[in-house]
Amino acid sequence: MRLNWALPRAALLAVALLLTLATSFELALDARSRLSGPEPLGGRPATVGASPGDSAVAQTVMPRQGAVAPAVDAIHPGSVNATSMNLTAEYAATINLNFGTRAFKVNELIVVTNTSGKAIDRLELNTVAARLGGMRVTRASVDDVAVSPTVTDQTIHLPLGGVLDPGAQARVRVTYLSTLRSTTSGSNWLFTRANGILEAHRWLPWISRPTPFDRPNHGDPFVTGVSPRVRITIASDRVIRWATTGEQVSGSGLVKTFEAINVRDFALAGAPDYAVRSATVGSVVIRVWSRTGFAAATVLSAAKTALSKEAALLGPYPYKTYDLAQTAGGYGMESPGLTWIPTGAGNLGYLVAHETGHQWFYGIVGDDQARQPFDDEAATDFVARYVLGLRRASRCSTARLDLTIYQYSSACYYEDIYIQGGNLLDDTRRAMGSTAFWAAIRDYLATYRFRIATTQALLKTLDDHTPLDLGATRFRTRFPSYY
Ligand SMILES: [Zn+2]
């Protein structure tokens, strides 16, 4: 047990300082978002404490610039009973966390522009904190007017307090309190502090659609669109080394700020005693974050191999850095620019190749991971096994590949979607020839870049790149609902 209840005096002073600063983070969020985002609602840039060299603490104590008065009343009275995922949203958030007590408080600002082409009057925000963290939303507002969200399953249903027309923009704030889990069992590993490591996946309320969290297997019950910019400040009770989706842009010690561009999530893993080792592939810096006893050299070597071989087939990796972090347990897990490798995982070469493949299938091209797992898991596992020469037969009987994660058993989900799905893609490659096959895959990645695609789109793109009728000869029986 690493918990130390008898905090030394210095730590107590640090916590006291942190609590004092915590309230001003909320104010700083205002100023930061005005600095970094496209100008929301006619706000003007702050003029103090904001140069890149300033420390995060200096920014947090800057005086408030006065309440931001919206230039227009974006939200107008009425209701249309509608929402959309086709919105453009920039996210900024501060996490105040206590590594010791597992308290995890989030103060979020979403600057959302209605790019859906139709009027909406609510958002549906996904976060696992609702299912794993005992989340309690303590405050929510839209353009500084309080609203009353409700929470079902892993979705925050947030009324906008009126109608947001196409093209209009609103500032949505959500604050929640939660507590990280303390084990890695079940789904706890997605939001826990265990074995000396804190890890949080899908913690940031993100525009999504209601998607059941419970499933009979390890499928990912998520669907998220790409945000052009995410800015996260983490304030912690002790110095922690963080591996995140983003890049650290400011701060040090207890308060650090990270930023990510064109990502569909912002995951993090951290430990006070993470060591980092790095290498480069082309212009991409690969970093492995781990505690002692972890096979960091093996993971780094596997990541270099996977990134270079997969990029050669699929096109350039989209970010400047690629982080891989040792996690407390559970499963390997993908997020943009960051892969989780659980403590004790075997077959690291394969696991790293699979999770790295998700940078293209899930990361660059998104999908509904819950309702169409073939789209990212079959494609990812096919690529991983292709570059490593690891194809094998399935250990489950021939199955449909068009079902949701909720319809596959724990015993056969992996064998059906990953193995049989990957084998179907490999058989397709042999039938149409590698040149045409990889051209089709790159076409699919380019067409749906930073969007959400479908399994049907992947299959159709393959079919469009060959004179063979793949639909009639190969896909119809495996995807009966699509044909
Ligand atoms: Zn996967």
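Above: the structure in question.
Residues numbered from 1 in each chain as written. Predicted model: local features only at pLDDT ≥ 70, side-chain atom pairs only at ≥ 80, totals over all residues.

Let's talk about the environment of A194
- Locating A194 in the fold gives a position in strand β10 (residues 191-194).
- Each C-alpha atom, one on A194 and one on G329, is 8.3 Å from the other, the two residues being 135 residues apart in sequence.
- In contact with A194, not counting residues within four places along its chain, are S182, T183, T184, A328 and G329. (Helix = DSSP H or I, 4+ residues; strand = E, 2+ residues; numbered from the N terminus. Contact = placed C-beta atoms within 7 Å.)

Re the sheet that holds strand β19 (residues 284-290)
- Strand order in the open sheet formed by 5 strands is β18-β19-β20-β22-β21, with mixed pairing between adjacent strands. Two strands lie at the open edges of the sheet, namely β18 (275-281) and β21 (333-335), each paired on one side alone. Going from strand to strand, the sheet's axes swing by 20° on average, the running direction of each strand aside.
- Note that strand β20 (residues 321-327) and strand β22 (residues 338-342) share 5 bridges and pair parallel. (Pairing = 2+ DSSP bridges. Axes fitted to C-alpha atoms, helices over the stretch in contact; angles between N-to-C directions.)

Section: the nonpolar core
- The biggest cluster of nonpolar side chains holds 118 residues, and the ones touching the most others in it are A303 and V352.
- The residues touching V352, leaving out its near neighbours within four places in the chain, are V299, A302, A303, A306, L324 and I341. (Core = buried A, V, L, I, M, F, W, Y, C linked by C-beta atoms within 7 Å. Buried ≥ 20, exposed ≤ 12 C-beta atoms within 10 Å, placed from the backbone.)

Describing the sheet that holds β10
- Read from one edge of the open sheet, 4 strands run β10-β11-β17-β14, paired in antiparallel fashion. Bordering the open sheet on either side are β10 and β14 (241-244), each of which pairs with just one other strand. Put simply, the sheet's adjacent strands are angled 10° from each other on average, direction ignored.

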